[in-house]
Amino acid sequence: VFDLSWGVLLATMPIAVLFAFVAARSMGETDAVPTRALAPLGQATIALAGSGVAGPTIAPNLAGAAALHAADTLGSLKLAALLDVPPNVAIRIRLVGCVLGAVIVVTTLSVLVPDLSVLPTAELPAPAVLVWKSVAEVVGRGAFPTPMRVPIALGAALGVVLALLSRVKRFAAWVPSAMGLGSGMVLPGSAAVSIFIGALGRRAVEPRHGLAVTTALASGVIAGESLVGLALQLHR
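Residues numbered from 1 in each chain as written. Predicted model: local features only at pLDDT ≥ 70, side-chain atom pairs only at ≥ 80, totals over all residues. Heavy atoms only, no water.

Considering the overall build of the protein
Within the protein, the secondary structure is distributed over 10 helices and zero strands. Each helix (α) and strand (β) of the protein, taken in turn from the N terminus, gives the series α-α-α-α-α-α-α-α-α-α. Counting over 236 residues, the protein shows a buried share of 19%. At a minimum sequence separation of 6, the contacts of the protein that also span at least 24 residues come to 62%. (Helix = DSSP H or I, 4+ residues; strand = E, 2+ residues; numbered from the N terminus. Buried < 20%, exposed > 50% of the residue type's maximum accessible area, 1.4 Å probe, protein only. Contact = heavy atoms within 4.5 Å.)

Re the nonpolar core
Formed by Ile15, Ala16, Phe19, Ala23, Met27, Val33, Leu38, Ala63, Ala67 and Ala71, the largest nonpolar core amounts to 10 residues. In terms of residue count, helix α1 (residues 6-30) provides more of this core than any other element does, five residues in total. Once residues lying within four places of it in the same chain are set aside, the contact partners of Ala67 are Phe19, Ala20, Ala23 and Leu38. (Core = buried A, V, L, I, M, F, W, Y, C linked by side-chain atoms within 4.5 Å.)

Structural notes on the packing of α1 against helix α8 (residues 178-186)
At their nearest, the axes of α1 and α8 sit 9 Å apart, and the two run at 90° to each other. Taken as axis vectors, α1 and α8 run roughly perpendicular relative to one another. Contact residues: Val22, Arg25, Ser26, Glu29 and Thr30 in α1; Met179, Gly180 and Ser183 in α8. In the contact of α1 with α8, the residues fall into two nonpolar, four polar and two charged. (Axes fitted to C-alpha atoms, helices over the stretch in contact; angles between N-to-C directions. Parallel < 35°, antiparallel > 145°, perpendicular 65-115°, else oblique. Nonpolar A, V, L, I, M, F, W, Y, C, P; charged D, E, K, R; others polar.)

Rendered as C-alpha cells:
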C-alpha cells in the first residue's frame, strides 16, 4: 500500500524484536512504554537504508506497534495472574480486543477528525504526530542537525552507564532506573506527575486492601478518565 521495498520490511522485523525487548523492560519497571522515544529511533534506523521518507515514516510504525502490543500483553498477563485468570484466556481476550479496538478506534477517529491533515488542533494537540512529523522532516534532509548529535550521544552513554552500574551490588540501591529516568524525560509533565501521584495512592491503598483491589481501582480510574474525555470531545 505504501510502496515499501521488501528490504525495508525485512529490516523492520529485527528492529521490532529489539523494540519489543525495550518496551517490555520499560513496562516492567515503569508501567509505561516509551513510544515517543522508540518512534524517532526507528525512523532514524530505517532512514539508514536510504528508503526516502515513506519508509522511515511507515515502517517504524510496524516495529512500534509490535513493541507496544508486546508490552501491553505482558501487562495483561500480569493482571490476569493477579486476578487468577488463566493466561490462555487472557491472550484470547486480548486478541479479540485488538480486532474490535482497531474497528472502534478507526471509526471514532473518522468521526472526531474527518480531515486528518488539520491535526494538530487546540482540542487535539496530538503531540505524537508532531514527533513523527519533525523526525520525518529531519530524515528528509538526510542528516541530524549538529545541535542534536551531542545530546543523543550523551543520552545513550548515560543509559549505558546506569544500566551497568545497576548490575553492581555496591551501587544498585543508589542507581536510578534508566528506563524510569528516560521515560520521565520523554513523557509529558502531566503524565509523569500523574504516575507519581498514582504511586503515592498505591502506597496508601495497597497495604490495607491488597494488590488485586488496588489494580482494579487503578484500572477503573484510567478507563473512566478516557471515557469521560471521549464523551467531552464528542459533545464539542
